[in-house]
Amino acid sequence: MTEPTAKQIKDEKNYQQWGLTDSEYDLISQKILKRLPNYTETGLYSVMWSEHCSYKNSKKVLRKMPNKSSRVIAGPGEDAGILDIGDDQAVVFKAESHNHPSAVEPYQGAATGVGGIIRDIFSMGAQPIALLNSLKFGPLKDGKTKHLVDEVVAGIGGYGNCIGLPTVGGEVSFEDCYENNPLVNAMCVGLLNKTAFKHGTASGDKNLIVYVGAKTGRDGIHGATFASDEFTDTKNKQRSAVQVGNPFIEKLLMDACVEIIEKHPEWVLGIQDMGAAGLVSSTAEMASKAGSGLVLNLDNVPQRETEMNAYEMMLSESQERMVLCIKPEYKDDVLDFFKDYELDAVVIGQVTTDKQYKIYHQGELVTDIPVDSLTEDVPEYDRPEVEPQRMIDDRDYKFVPEIDSLEETWNNLLKQPNIASKKHFYQTYDSQVKANTLVKPGSDAGVIRIRGTKKAIAMTNDSNSKYVYLNPYVGGQIAVMEAARNIVAAGGEPIGVTDCLNYGNPENPEVYWELDKSVEGISSACEKIDTPVISGNVSLYNEYNDVAIYPSPMIGMVGLIDDIDKVTTSAFKEAGDLIYVVGETADDFNGSELQMQQTGSIKGDLRPLDLTEEKLHQDLIRMAIGQKLIQSCHDLSEGGLAVALSESAFDNSLGFDIKTKLTSAQMFSETQSRFLVSIKESDKDEFEKLIKTDFECLGYVTQEHIFKVTTADETVLMDGKKAANNWKEAISCLMK
Amino acid sequence: MKLVKIYVTLKPSVLDAQGEAIKSAINTMGYEKISGVHMGKYFELNFDNDYPELEKDVDAICDNLLTNPNIETYRYEIMEEE
Amino acid sequence: MKFAVVNFPGSNCDMDLYYAIRDGIKEEVELVDYRETSLDGFDGVLIPGGFSYGDYLRSGAIAVHAPVVKEIVRFANEGKIVLGICNGFQILTELGLLPGALIRNEKSRFICETVTLKVINDKTAFTNCYQENEEIRIPIAHGEGRYYCDDKTLAELKANDQIIFKYDRNVNGSVDQIAGVTNKQKNVLGMMPHPERAIEDILGSDDGLKLFQSIINYQVRVNN
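Analysis parameters
- Residues numbered from 1 in each chain as written.
- Chains lettered and ligands numbered in written order.
- Predicted model: local features only at pLDDT ≥ 70, side-chain atom pairs only at ≥ 80, totals over all residues.
- Helix = DSSP H or I, 4+ residues; strand = E, 2+ residues; numbered from the N terminus.
- Rg over C-alpha atoms; globule rule 2.2 N^0.38 Å.
- Buried ≥ 20, exposed ≤ 12 C-beta atoms within 10 Å, placed from the backbone.
- Contact = placed C-beta atoms within 7 Å.
- pLDDT = per-residue confidence, 0-100.
- Axes fitted to C-alpha atoms, helices over the stretch in contact; angles between N-to-C directions.
- Parallel < 35°, antiparallel > 145°, perpendicular 65-115°, else oblique.
- Left-handed = near helix turned anticlockwise from the far one by under 90°.
- Nonpolar A, V, L, I, M, F, W, Y, C, P; charged D, E, K, R; others polar.
- Pairing = 2+ DSSP bridges.
- Core = buried A, V, L, I, M, F, W, Y, C linked by C-beta atoms within 7 Å.
- Domains from an automatic or database assignment.
- Expected span 1.5 Å × (residues − 1).

1. Things to note about the overall build of chain A
Thought 1: In terms of regular secondary structure, chain A is built from 26 helices and 28 strands.
Thought 2: The C-alpha radius of gyration of chain A comes to 26 Å, within 12% of the 27 Å expected for a compact globule of 736 residues.
Thought 3: Seen through its principal axes, chain A has C-alpha atoms that stretch 85 × 55 × 45 Å.
Thought 4: Counting across all 736 residues of chain A, residues that qualify as buried make up 62%.
Thought 5: Counted over contacts in chain A with a minimum sequence separation of 6, partners at least 24 positions apart contribute 85%.

As structure tokens, this is what we get:
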């Protein structure tokens, strides 16, 4: 193929196919370069200026997020954020979406999503310690969706299991809006020795740029622009090859990078993952951050295919590759070090002082542009926004459920795919490798101990897009607070947040309003509980045939447990223990699973969330756990008290005997800021003295696997085993 | 009966991680002149002799189930069987 | 007693085993690279779980060509202790040091959960601290852990008391619910469950500890 000339690109507007607008192209040619960009240069701008790399549509909104606290060592702008956890240790984490690749090739799309997020962690010098994921699909009714779910789950497990990192938490949910645009969000948490922290920068004249890892092929070219594009039926067929993961190589790469930084910190000045937009994105960002320039020689790049041109090499998204900036005197040491791991490592360029980004290929200078123009000169868009019509129309709507049979409603709800046990999925993930997992998937948060200390890290992924759809601001607050309750219920102190912001097309004013308001909600909640947002990613254009997904911010939260004696799970422990619900229950049925079950859709506004009350309840539970008053603790969420009671009883096949002032319908209300706890009877006085108000003692745990429930309306006796089967088997049955 | 032998391989532009690992193992066994190994999948499908539009359906089965056209290609042979 | 934990590219339970020995039974242990050509100075070899060479081709198939493997075979033939866990078991069957093979789980999916095992033979170097028919809780994590052998081999395994652990139910479709077998001489054990993940109560079980203690017990007896 002959490359089009700079003039042809301008005349035929080829840049439009690559995602650049006319005004962006004019800005590049008239203001920045003052000449026409050639083929390679146009390609570089098109990926670097895509939403995925530049956040040009979302920057304005993202600035609203708090990113400071006494623990923050590094925040947004690095591969991942870092929080101090004392003793010269820090925790590093980030979440990332891989929605579009997973829709096209579900196994590899999901697998490479996991691979990419792991690289973001070890590129900071941290040892990855755990993985989580948040998945959203269409309803499990047709073969196509089931296949998609199977493959995504297999891809996540395939990569994580092989590389040997425990997958300790996550969530899976199903709504119509994700049928053709599934969401695949993965999170990785790492542990860092504070002194080992490496910035992703390329600084210092004549220092060398080293390429390490898998060879470069033509895979995933324009993945970044593709991630910033909408799906339509016809496009689905035209997709070219997606990138394929190799967890075996990544394991070697991970071990090598962690070791070189730990043992030879003087060799390495900067290190970065080649993720979206591959070589150009990683090297341009490293140079720009350091205020340097770069010269690259592409002839040295290890190649898997023949006759690749500069454009293809720079934009390739081949997986399992890293870029290092090293001191020239250690060149042989570094190359030998990686050779011992049987990894390709070559010098591909060096740092300069002229702030130009220069690329040579086969003796020719194919790119010569200011490095900052790729990363800093991207236009920022302030999109118009308007409140969605549905919110105005349904503002006063209030769903009032009718419960004919408490028992039947209860059992049916346990079978709902969004509530039923996700063991069918998570048991295919190795949750125990590394022998540090204190709480496995299935409780409120996963917990990993830090070997050799009394400390542990609690982590969770949470999102409830139904709430965000009904009220983006309150829904955003709820997403954060539910994650925080999960951390608190596990015995932890919430310390920080990463997020994946999954939305539709930002050029639609209603979508932009959803993004803006939900980020404001997330920000207000994070500020309240002092959990800065230290990393994350934005995935826009999640639409299929012009219909957007629900606004779906995913919150990944990490908590610190200072003493593993505080680790708490949601399962009832012993017959005779008293059961309490902490927090008042109101009629919150808009957006609930009950509304979905009874009407087939969701509708209506959400009540404002009282952040002060929410924080008070979290603090009280933490104090109670600290004083060893708590036997089990469970966050109340989808399906309300009824579902929380059931889940707490299932693990150890116990039952309960309770009497409540709530109505039968209120057993399913999804009022926020509530916890279900069980305590030893002997701790009753002390517990009640601590909590003071806003609690109800419901009854006690029983040995028999029977649920005896007296509400304001009726008394029912439910067979615990039958309820457990409904909950445990529902997903496996649907997946058949 | 007709026997259809279907060979599914990765497209040339897609990384064949397994093939690469097997190749280095073969090289370390001492067979150093082997420069490429590619791994694929093999299927045998049986059809009745009077099956109408056999090739069309085999293509459809390959396109929609046996392969992901984004990363894989296929070829097949149709043989007569007793 | 000094153990070697052999580390192949792609092994990922090497450190878990290392800590089980160092912290669990407080014995000497070293990681050994797959390129080593001598295991002199070690009393036992442990082959960890993971995905050696990505499990490409067949689990364990590529690892058997690594230089260190000759030494593992020598150890086995000299009657020294060799223990392969999960991928280590797969490597030992690929090597022919243990009978049978490990194939894709019956339901074709990876399974990670803590299962109940029954100790079938309590008179070996690996099980002398357990009681016969004792039920122990040990985690499994594998996609290709279904033990397969033909009827003749199964009859031999039974006749020679080579079946060491069985699952208490059909977990992955293994022949006779077999979870772990030894060679005829009973110095080489392969098992799919991970005893090294069950050495502390806070991780859910410490039932795996007795397996490692049994090895020490046995060695003390041999040395005296």
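2. Observations regarding the overall build of chain B
Thought 1: Helix and strand counts for chain B come out as two helices and three strands.
Thought 2: The C-alpha atoms of chain B give a radius of gyration of 16 Å, which is well past the 12 Å a tight globule of 82 residues would have.
Thought 3: Each principal axis of the C-alpha distribution contributes one length, and for chain B these read about 50 × 30 × 15 Å.
Thought 4: Taking all 82 residues of chain B together, 18% fall into the buried category.
Thought 5: Summarising the internal contacts of chain B: among those between residues at least 6 apart in sequence, 70% fall at separations of at least 24.

3. Considering the confidence of the model for chain B
Reading fine detail from the predicted coordinates is not recommended where pLDDT is low.
Thought 1: When pLDDT is averaged across chain B, the result is 88; 99% of the residues are at 70 or more.
Thought 2: As a predicted assembly, this complex carries a pTM of 0.94 together with an ipTM value of 0.96.

4. Thoughts on the interface of chain A and chain C
Thought 1: Taken together, the contacts link 22 residues of chain A with 22 residues of chain C.
Thought 2: Residue assignment for the side of chain A that touches chain C shows that the elements contributing at least two residues are helix H8 (143–163), helix H11 (247–263) and strand E14 (437–439) of chain A.

5. A short note on the packing of helix H17 (residues 406–415) of chain A against helix H26 (residues 720–735) of chain A
All names here are of chain A.
Thought 1: Relative to each other, H17 and H26 sit at 25°, their axes nearing to 7 Å. Looking at the two axes, H17 sits roughly parallel to H26. Relative to H26, H17 is oriented so that their crossing is right-handed. Taking contact as the criterion, the partners of Asn411, Leu414 and Lys415 in H17 are, on H26, Ala723, Asn726, Trp727 and Ala730.
Thought 2: A class-by-class count of the residues in the contact of H17 with H26 yields four nonpolar, two polar and one charged.

6. Considering the pairing of strand E10 (residues 178–182) of chain C
Residues and elements named next belong to chain C.
Thought 1: Buried residues dominate E10, accounting for five of its five residues.
Thought 2: Note that strand E9 (residues 163–167) and E10 share three bridges and pair antiparallel. Looking at E10, one finds that Phe165 is bridged to Gly180.
Thought 3: Bridge count for E10 against strand E11 (residues 188–191) is three bridges, and the pairing is antiparallel. Counterpart to Thr182 in the pairing with E11 is Leu189.

7. A look at the nonpolar core
All names here are of chain A.
Thought 1: Of all hydrophobic cores here, the largest spans 311 residues; its most connected members are Met48, Val91, Val92, Val189, Cys257, Val447 and Val480.
Thought 2: No other element matches helix H20 (residues 472–489), which puts eleven residues into this core.
Thought 3: Those residues within four positions of Val480 in sequence are excluded, and the remaining contacts are Val497, Ile522, Ala525, Cys526 and Ile555.

8. Observations concerning the environment of Pro506 of chain A
Residue and element names in this part refer to chain A.
Thought 1: Among the secondary structure elements, Pro506 is positioned in the loop between strand E17 (493–502) and helix H21 (509–528).
Thought 2: A residue is classified by how many C-beta atoms lie within 10 Å of it, and Pro506, with 23 of them, is buried.
Thought 3: Pro506 has contacts with Asn57, Ser58, Arg383, Val511, Tyr512, Leu515 and Leu540, leaving out every residue within four places of it along the chain.

9. Observations concerning the domain arrangement of chain A
All names here are of chain A.
Thought 1: Considered domain by domain, chain A is made up of domain 1 (68–197 + 423–552), domain 2 (199–378) and domain 3 (388–420 + 568–736).
Thought 2: The C-alpha-based centres of domain 1 and domain 2 are spaced at 25 Å.
Thought 3: Contact with domain 1, which involves 36 residues of that partner, is made by 33 residues of domain 2.
Thought 4: For the side of domain 1 that touches domain 2, the elements supplying multiple residues, two or more each, are helix H6 (99–104), helix H7 (106–122), strand E4 (127–137), H8 and strand E19 (543–544).
Thought 5: In terms of residue count, H7 provides more of the side of domain 1 that touches domain 2 than any other element does, ten residues in total.
Thought 6: For the side of domain 1 that touches domain 2, the residue count by class is 14 nonpolar, 16 polar and six charged.

10. So, the pairing of strand E15 (residues 446–449) of chain A
All names here are of chain A.
Thought 1: Where burial is concerned, the two faces of E15 agree: the one with Gly446 and Ile448 and the one with Val447 and Arg449 are both buried.
Thought 2: Taken together, the two bridges between E14 and E15 define a ladder with antiparallel strand orientation. Residue Thr437 lies in a different strand from E15, and its bridge partner there is Ile448.
Thought 3: Between the end of E14 and the start of E15, which pair antiparallel, lie six residues, with Gly442 showing a positive phi angle near 115°.
Thought 4: Where E15 and strand E16 (residues 456–462) come together, four bridges link them in antiparallel fashion. Following the sheet pairing, Gly446 is matched in E16 by Met459.
Thought 5: The hairpin turn running from E15 into E16, its antiparallel successor, is six residues long, and Gly452 in that turn takes a positive phi close to 85°.

11. Quick word on helix H1 (residues 17–28) of chain B
Thought 1: Across its twelve residues, H1 of chain B extends 17 Å between first and last C-alpha, which sits within 8% of the 16 Å expected from 1.5 Å per residue.
Thought 2: Ala17, Gln18, Glu20, Ala21, Ile22 and Ala25 of chain B are the residues of H1 of chain B that are buried.
Thought 3: Considering only its buried residues, H1 of chain B is in contact with H11 of chain A.

12. Here we look at the interface of chain B and chain C
Thought 1: In this assembly, seven residues from chain B lie in contact with six residues from chain C.
Thought 2: Among the residues making up the side of chain B that touches chain C, the classes are represented as five nonpolar, two polar and no charged.

13. What about the sheet that holds E15 of chain A?
Residue and element names in this part refer to chain A.
Thought 1: As summarised here, the arrangement of the six strands in space is E14-E15-E16-E21-E17-E18, forming an open sheet in which the pairing is mixed. In this open sheet, the two strands that pair with only one neighbour each are E14 and strand E18 (533–539). On average, each strand axis in the sheet is tilted by 20° relative to the strand beside it, whichever way the strands run.
Thought 2: Where E17 meets strand E21 (residues 552–561), nine bridges bridge the pair, whose relative direction is antiparallel.

14. A closer look at H20 of chain A
Thought 1: Taking 1.5 Å per residue as the helical rise, H20 of chain A with its 18 residues ought to reach 26 Å, and the 25 Å between its terminal C-alpha atoms agrees with that figure.
Thought 2: Burial analysis of H20 of chain A places 18 of its 18 residues in the buried class, which makes it a mostly covered element.

15. Things to note about unusual backbone geometry
Glycine aside, residues mostly have negative phi, and peptide bonds are mostly found in the trans state.
All names here are of chain A.
Thought 1: A positive phi is found at Ser673, a non-glycine position, where the angle reads about 65°.
Thought 2: Mapped onto the fold, Ser673 is located in the loop between strand E24 (655–659) and strand E25 (675–679).
Thought 3: Owing to 24 C-beta atoms within 10 Å, Ser673 belongs among the buried residues under this scheme.
Thought 4: Here Asp694, not a glycine, exhibits a phi torsion of approximately 55°, which is positive.
Thought 5: Along the chain, the position of Asp694 falls in the loop between helix H25 (684–691) and strand E26 (695–702).
Thought 6: Looking at Asp694, the number of C-beta atoms within 10 Å reads 15, which means it is partly exposed.

16. Observations regarding the sheet that holds strand E6 (residues 111–119) of chain C
Residue and element names in this part refer to chain C.
Thought 1: The strand order E2-E1-E3-E4-E11-E10-E9-E6-E7 describes an open sheet built from nine strands, whose pairing is mixed. Of all strands in the sheet, those bounded by a partner on one side alone are strand E2 (28–33) and strand E7 (135–142). In this sheet, adjacent strand axes meet at a mean angle of 25° when their direction is disregarded.

17. Structural notes on the packing of H20 of chain A against H21 of chain A
Residue and element names in this part refer to chain A.
Thought 1: The geometry of H20 relative to H21 is characterised by a closest axis approach of 7 Å and an angle of 40° between their N-to-C directions. One element, H20, and the other, H21, form an angle in the oblique class. Crossing handedness for the pair H20 and H21: right-handed. On H21, the residues touching Pro472, Tyr473, Val474, Gly475, Gly476, Gln477, Ala479, Val480 and Met481 of H20 are Glu514, Lys517, Ser518, Val519, Glu520, Gly521, Ile522, Ser524, Ala525 and Cys526.

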